[in-house]
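Below, each chain spelled out in residue letters.
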Amino acid sequence: MVDYSVNGSVAVLMVNNPPVNALGHAVRVGLKTGIERGAKDSRVRSIVIIGKGQTFPAGADIREFGKPSKEPWLTAVGNLIETCSKPVVAAIHGTCLGGGLEIALFSHYRIAVSSARVGFPEVTLGLLPGAGGTQRLSRLTGLPVAMEMISSGRHVPAKKAKEYGIIDEIVSGDLLKTALKFAQEVQSRPFKDRCLRYKVVPNADRVEEYASAALTQVKKKYKGFEAPVTCVQAVRSSAELSYEEGMKRERDLFLQLGQSGQSKAQQYAFFAERAVTKWQMPGGSYKTAKPLPVRSTAVIGGGTMGSGIAVCLLSAGLPVYLLEQNEKFLQSGVKLIENIMAGSVKLGKVSMETAKRAATLLKPTLSYDDIKDVDLVIEAVFENLDIKKEVFSKLDKICKPSAILCTNTSTIDIDRISSATSRPEKVVGTHFFAPAYHMKLLENIYGTKTSPEAVATVMKLGKTINKVPVLVKSCHGFLANRMNAPFGSEAIFLVEEGASPQEVDQVNEDFGMPMGPFKVRDLSGIDISWRINREVAKVLGTSITKETRFLGGNRYCGLNDDFYDKGRYGRKTGKGWYLYEKVGGKNAVADPEAEEIINSYRQRRGIVKRKITPQEIFERQFYSAINEGFRILEEGICNMPEEIDISWIYGFSYPKYRGGPMFYASQIGLQRVYDRICHYHETCPYSIHWVPNRLLKKLAENNVPFTQWANHVSKSKM
Ligand code: 3HC
């Protein structure tokens, strides 16, 4: 795991633990032994620590967390490095993260190639740097930078890290050769003053001011997360306590966070995000299917979704034809793209160079002929089967045979769309979430005829455009929207029965959702849900009237329609479920007029308002979604609960510190969830989504641990 060799007067400790050289037990033992050996070796006058393969150690081995820890601890290894009688040089390439950066900070010198990145991402796992990072970084960079870096988990490029004082030198050429030369040069220099433990924290007397500014920032930016606040507290202690006391304080806070449910959930989410990349479908998987190259693209439709999708492609450096049906719509699409780009530059999310390059890559057009040679097309027209079929029929005639034809449908079965083409194997769903340029989920959907090659192409595309792609089998609503349907319906039923939109939103926001469902409806537009409901009715061969109480055998609430009839479409009209300060405003306040609409709706239907507890609000929304999640698993729409959880985290901003709805259900206990679902099945009749799912029942009865749910899924499908 750590190879020891001597080159002239320099010992080289080469960490060899692919893929990321994580500092697992064997690596810690190897480093300890290597340093001790180098210290004793009479040929050796300095030591280099370097990573083999693609990176310097990218942190502790997260897979060891939660298991009994084995000596030597990382801090003990670090202490050996820092107190070594010979200077130690960390030679950095790739990602020097977490425990890896801590090892580098224990070393006396740090050199890095310009492409390297350093950082403390522990906070993203619900933790803080637990081997001195919080006590040592501030001694190098000062408190404000240390507080910001550690509480954000940001990866810092080598050049910036040098400005901060973290890196001593940026080097070019062969890293090992340069490191050997550097290590020789420093042999004659005294290096005790390079040990960070002896340094004082700059401007320690201003710690109160820095900490309060940092806390204000993190509480706003990472609402609900425990770790960022604790990170600031730990860094703060570096200025208030002696080095030894600070190290102890850091350890205590690290252990405290490690015990928290948030940390467990965030670590789960880390691995879940990687698990979903290992997709499978009938006839192929990530192992067997090869993606086709995507060098050019087209987006059909320049509306809100189409332009947002175009921004994603353009930002990744892909040329995009934006195709619209007339000049007016085309210009509006171009304007939307320009505005999104300008806004992203202003917010620092996109560099000026990227925005300028994007402008040259965008090719607005009104002609299908222009897109005949592109590698991939994404259709983003109105959610209407007939219109989509018309577009796909044209694409089929125009596009080259190898082109992948994607649809951004949010609900419609892929087979129904691909039936308009002679190449259904090339048709695949790429469902983006609004706003497309911001939300990270890309729900990729395969139909019965979609080829694994087409799927491999869109899974790769997802990564290229910096999304988290999740693969699901086609069905009405797919994964995310199918689960969101009972979640959203229950919100409105709760208001129908007596809760206020504010009460429902509050419960959701207290749980950690960034916005309650009614604020979301106001944002996405009440007119949009009005239209979607009509489309659903059309598919079901019926229509919606003031008297409609059931749709497709399910309970239906017409409150949304009453708001629509009053022209209250949400933020875009300055009023919806809430009142806003202006048209397009963001500040939602309760509105007596909205209350009046709700009251008269209840009166008309003879509903006697009742008091609804926050617990009932929570359970009815989240448990109905969980029940649907198990149905989705049982039907094989996805293969594992991780796919559901990642979809919620990146599609609906579900709080990562709760892991996702399925993981959360496992934490509550499946038997309890199942019992409550049975309860609501009895008390809330007429909603199919409350029929208790069989797979859930089976897993609950057998007390199956979360990690084995996926095995039961495949068994239940057979
Ligand atoms: N421990 C264990 N496994 C890890 C790991 C880690 N620290 N980091 C990555 N891996 C695994 C991944 O799970 C994945 O495994 P898989 O192939 O079986 O799915 C594999 O390594 C490759 O990872 P990625 O797919 O993420 O590879 P990328 O090249 O896209 O990204 C990376 C590389 C930027 C290093 C990214 O993996 C990453 O961010 N890793 C986590 C880094 C981190 O959080 N470090 C801090 C750990 S906590 C710590 O150090 C505590 C200390 O302060 C005491």
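Within each chain, residue numbers correspond to sequence positions counted from 1 in written order. Predicted model: local features are reported for residues with pLDDT of at least 70 only, side-chain atom pairs are reported and counted for 80 or more only, and whole-chain, interface and lining totals are derived from all residues. Hydrogen atoms and water are omitted, and side-chain values are computed over all heavy atoms in the structure.

### So, the overall build of the protein
And then number 1: Numbering of helices and strands starts at the N terminus; helices are DSSP runs of H or I of at least 4 residues and strands are runs of E of at least 2. From N to C terminus, the protein includes 29 helices and 21 strands.
And then number 2: For 718 residues, the compact-globule formula gives about 27 Å, and the C-alpha radius of gyration of the protein, at 28 Å, lands near that figure.
And then number 3: Taking the principal axes of its C-alpha atoms as reference, the protein extends roughly 90 × 60 × 55 Å.
And then number 4: The cut-offs for exposure are 20% and 50% of the maximum accessible area for each residue type, with area from a 1.4 Å probe on protein chains only; residues under the lower value are buried, those over the upper are exposed, and the others partly exposed. Counting every position in the protein, which comprises 718 residues, the buried fraction comes to 56%.
And then number 5: Residues count as neighbours in contact if any of their non-hydrogen atoms are within 4.5 Å of one another. A separation threshold of at least 6 residues defines the contact pool for the protein, and within that pool the share at least 24 residues apart is 73%. We compute the radius of gyration from the C-alpha atoms alone; for a globule the expected value is 2.2 Å times N to the 0.38, where N is the number of residues.

### Comments concerning the UniProt feature "domain: 3-hydroxyacyl-CoA dehydrogenase NAD binding" (unreviewed entry) in the protein
And then number 1: UniProt positions are given in the numbering used here, feature names are shortened, and annotations may be inferred rather than shown by experiment. Under the local residue numbering, the UniProt record ascribes the feature "domain: 3-hydroxyacyl-CoA dehydrogenase NAD binding" (unreviewed entry) to residues 297–474.
And then number 2: Note that residues 297–474 is 42% helix and 21% strand, and that its end C-alpha atoms are spaced 23 Å apart.

### A look at the sheet that holds strand 5 (residues 95–97)
And then number 1: Paired strands are those between which DSSP finds at least two bridges. Taken in spatial order, the three strands line up as 5-7-8 in an open sheet, and their pairing is mixed. Of all strands in the sheet, those with a lone pairing partner are strand 5 and strand 8 (156–157), marking the two edges.
And then number 2: By the bridge criterion, two bridges tie strand 7 (residues 117–119) to strand 8 in an arrangement that is antiparallel. For Val118, the partnering residue across the bridge sits in strand 8 and is Val156.

### A few points about the pairing of strand 18 (residues 441–446)
And then number 1: With six of six residues buried, strand 18 is to be regarded as a mostly interior element.
And then number 2: In strand 18, alternate side chains face the same way, and those of Leu441, Glu443 and Ile445 on one face and Leu442, Asn444 and Tyr446 on the other are all buried.
And then number 3: As paired elements, strand 17 (residues 427–432) and strand 18 share four bridges and run antiparallel to each other. Counterpart to Gly429 in the pairing with strand 18 is Ile445.
And then number 4: Across six bridges, the pairing between strand 18 and strand 19 (residues 468–473) is parallel. Each residue of the ladder has a partner; that of Leu442, found in strand 19, is Pro469.
And then number 5: The handedness of the strand 18 to strand 19 crossover, carried by helix 17 (residues 452–464), is right-handed. For a crossover, the right-handed case is the one in which the path from the first strand over the helix to the second runs clockwise, viewed with the strands pointing away from the viewer.

### A short note on the sheet that holds strand 17
And then number 1: Taken in spatial order, the eight strands of this open sheet run 14-13-12-15-16-17-18-19, and their pairing is mixed. Either end of the sheet is taken by a strand with one partner, and the two such strands are strand 14 (362–365) and strand 19. Within the sheet, the average angular offset between the axes of one strand and its neighbour, ignoring direction, is 25°.
And then number 2: Of the pairings in the sheet, the one linking strand 12 (residues 297–300) to strand 15 (residues 376–379) comprises four bridges and is parallel in character. Axis definition: a line fit to C-alpha positions, over the contact stretch in the case of helices; interaxial angles, taken between N-to-C directions, run 0 to 180 degrees.

### Looking at the domain arrangement of the protein
And then number 1: Each assigned domain of the protein is listed with its residue range as follows: domain 1 (2–259), domain 2 (290–478), domain 3 (499–605) and domain 4 (614–717).
And then number 2: Spacing between the C-alpha centres of domain 1 and domain 4 amounts to 41 Å. A domain assignment, automatic or from a database, supplies the domain bounds used here.

### Digging into the UniProt feature "domain: 3-hydroxyacyl-CoA dehydrogenase C-terminal" (unreviewed entry) in the protein
And then number 1: Per the UniProt record, "domain: 3-hydroxyacyl-CoA dehydrogenase C-terminal" (unreviewed entry) is annotated on residues 477–580 and 619–703.
And then number 2: For residues 477–580, helix accounts for 56% and strand for 4%, while the C-alpha atoms at its two ends are 31 Å apart.
And then number 3: Taken as a whole, residues 619–703 contains 67% helix and 0% strand, while its terminal C-alpha atoms sit 21 Å from one another.

### So, the packing of helix 3 (residues 99–106) against helix 4 (residues 133–141)
And then number 1: Interhelical geometry of helix 3 versus helix 4 gives an angle of 55° and a closest axis separation of 10 Å. By the criterion of interaxial angle, the relationship of helix 3 to helix 4 is oblique. Crossing of helix 3 against helix 4: the hand is left-handed. Contacts between helix 3 and helix 4 pair Glu102, Leu105 and Phe106 from the former with Gly133, Arg136, Leu137 and Leu140 from the latter.
And then number 2: Residues are grouped as follows: nonpolar covers Ala, Val, Leu, Ile, Met, Phe, Trp, Tyr, Cys and Pro; charged covers Asp, Glu, Lys and Arg; every other residue, Gly included, is treated as polar. For the contact of helix 3 with helix 4, a count of residues per class yields four nonpolar, one polar and two charged. Angles are sorted into four bins: roughly parallel if under 35 degrees, roughly antiparallel if over 145, roughly perpendicular if 65 to 115, and oblique for all others. Note on convention: near helix rotated counterclockwise from far helix by under a right angle means a left-handed crossing. Clockwise means right-handed.

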